[in-house]
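Structural features, examined
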Amino acid sequence: MNPAALDIMSYITEENIRFWLEKFRSMGPLPGILLTFMKSFVPPLPTLLIVGVNGAVYGLWAGFIYSWIGMVLGCTVTFLIVREIGKSAFVERWARKPRVQRSMVWIRRNAFGYVFLLSIFPVGPFVIINVAAGIARMRLLSFLLAVGCGKAIMIFSVTYIGSNVEQFLEHPVRWVGVLLFIAVSLWASRKLERHFTRTSSDREDLNDLNQPAGKSISS
């Protein structure tokens, strides 16, 4: 990461985010929605921090709704952009490779569960999820349902903590649960990602074994 990017990331602190949200609060929900919307295009932005501060500034329900709208919009725009790029001649040639085709078939069949499960976790490969769903040309309605429901669970949990941060400060032991939640989420998301990738690879190997000698997979 270059020095300019490091400087920008070092500026993204709880105090600075809260300051700018309070400063532009006269604009209504727009700052809170825009902040979470940017998460889909700037992966290093800390999800837990920006969603939590939204909850602290706007309150539990308003913070939850603004964060949910912004994040779902960002995911959807990313998904649609990638799906359009996927129609290009270069990507079409790449997608015609047998290995890629088999992976895309698996993603199309399991896309809802994949997107929904990984959207629940507050840490994880968010951008990769949107890109994979877009390349596989997942149906828009299915993507919206999966990412909308998954993000709702995650965002409400984080917003609840952010809107009740004083209670967590008064009872530090509660942070143990928060840290465990983050650690388990990161571990589970990585396990799921490896599982999905391994399952696709295992099926491919099984198909190869089942093919008669001298006969191509695509035949």
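Use the structure listed above.
Positions within a chain are numbered from 1, following the residues in the order the chain's sequence is written. Per-residue local features of the predicted model are confined to residues with pLDDT of at least 70, and side-chain atom pairs are confined, for both listing and counting, to 80 or more; whole-chain, interface and lining totals are unaffected and use all residues. Hydrogens and waters are ignored; side-chain quantities use all the structure's heavy atoms.

Below, the discussion takes up the overall build of the chain. Here a strand is any run of E in DSSP of at least two residues, a helix any run of H or I of at least four, and the numbering for each starts at the N terminus. When helices and strands are counted, the chain shows 11 helices and zero strands. Each helix (α) and strand (β) of the chain, taken in turn from the N terminus, gives the series α-α-α-α-α-α-α-α-α-α-α. When each of the 219 residues of the chain is scored for burial, the buried share is 36%. Long-range pairs, those at least 24 residues apart, make up 79% of the contacts in the chain with a sequence separation of at least 6. Split by element, the accessible area of the chain, about 12500 Å² in all, is 68% carbon and sulfur. Classification of residues uses two cut-offs on accessible area relative to the type maximum, computed with a 1.4 Å probe and protein chains only: under 20% is buried, over 50% is exposed, and between them is partly exposed. Every residue pair with non-hydrogen atoms within 4.5 Å of one another is taken to be in contact. Computed with a 1.4 Å probe, the accessible areas rest on the Shrake-Rupley method; for each residue, only the protein chains presented here act as cover.

Among the secondary structure elements, S119 is positioned in helix α7 (residues 98-120). For S119, a relative accessible area of 2% translates into the label buried. Polar contacts, as counted here, are pairs of nitrogen or oxygen atoms within 3.5 Å of one another; within protein the pair requires one atom able to donate a hydrogen and one able to accept it, and residues that are adjacent in sequence qualify only if both atoms are side-chain atoms. A polar atom in the side chain of S119 sits 2.6 Å from the backbone oxygen of V115. With sequence-adjacent residues up to four places away left out, S119 is seen in contact with V147, G150, K151 and M154.

Turning our attention to the side chain of T36. Within the secondary structure, T36 sits in helix α3 (residues 30-37). The exposure class assigned to T36 is buried, which follows from its relative accessible area of 0%. With sequence-adjacent residues up to four places away left out, T36 is seen in contact with I50, V51, N54, Y66, S67, G70 and M71.

In this section: helix α4 (residues 47-58). In a regular helix each residue adds 1.5 Å, so 12 residues correspond to 16 Å; α4 covers 16 Å between its end C-alpha atoms and thus fits that length. Across the 12 residues that make up α4, a large majority, nine, are buried. Residues T47, I50, V51, G52, V53, N54, G55, V57 and Y58 constitute the buried set of α4. Lining the buried residues of α4 we find α2 (14-23), α3, α5 (60-85), α8 (126-135) and α9 (140-163). Immediately downstream of α4, the backbone of G59 shows phi near 95°, a positive value. One less than the number of residues in a helix, times 1.5 Å, gives the span that helix is expected to have.

Moving on: the environment of V131. Note that V131 resides in helix α8. Sequence separation between V131 and R83 is 48 residues, and the spatial gap between their C-alpha atoms is 8.1 Å.

This part covers unusual backbone geometry. For R137, which is not glycine, the phi torsion reads 55° and is therefore positive. Positionally, R137 belongs in the loop between α8 and α9. Residue R137 is classed as partly exposed on the basis of its relative accessible area of 35%.

Every patch collects residues that have over 30% relative accessible area and no salt bridge, joining them within 9 Å if they carry like charges and within 5 Å if they are nonpolar side chains (Val, Leu, Ile, Met, Phe, Trp, Tyr). Within this document, salt bridges are pairs made up of a side-chain nitrogen of Lys or Arg and a carboxyl oxygen of Asp or Glu, the two lying within 4 Å of each other. A cluster of nonpolar residues, F19, W20, F24, M27, L30, L34, M38, F41, V42, V77, I81 and I85, forms a patch on the protein surface that exposes about 1000 Å² of accessible area. Breaking the nonpolar patch down by element, the ones donating at least two residues are α2, α3 and α5. The biggest single contributor to the nonpolar patch is α5, with three residues. Overall, the relative accessible area of 41% leaves I81 in the partly exposed class.

Opposite charge on two side chains permits them to pair, given that their charged atoms come into close proximity. This structure, assessed with the given rule, holds one salt bridge. The partner of E22 in a salt bridge is R25, with the nearest N and O atoms 3.8 Å apart.

Note on geometry: axes are C-alpha line fits, over the in-contact stretch for helices, and angles between N-to-C directions span 0 to 180 degrees. One can describe the packing of α2 onto α4 by two numbers: an axis separation of 10 Å at closest approach and a directional angle of 45°. Considering their axes alone, α2 and α4 lie oblique with respect to each other. By crossing handedness, the relation of α2 to α4 is classed as right-handed. Contact with α2, carried on its side by E14, I17, R18, L21 and E22, involves L49, I50, V53, N54, A56, V57 and Y58 of α4 and no other residues of that element. Small angles under 35 degrees read as roughly parallel and large ones over 145 as roughly antiparallel, with 65 to 115 read as roughly perpendicular and the rest as oblique. Crossings are classed by handedness, with left-handed meaning an anticlockwise turn of the near helix from the far one by less than a right angle and right-handed meaning a clockwise turn.

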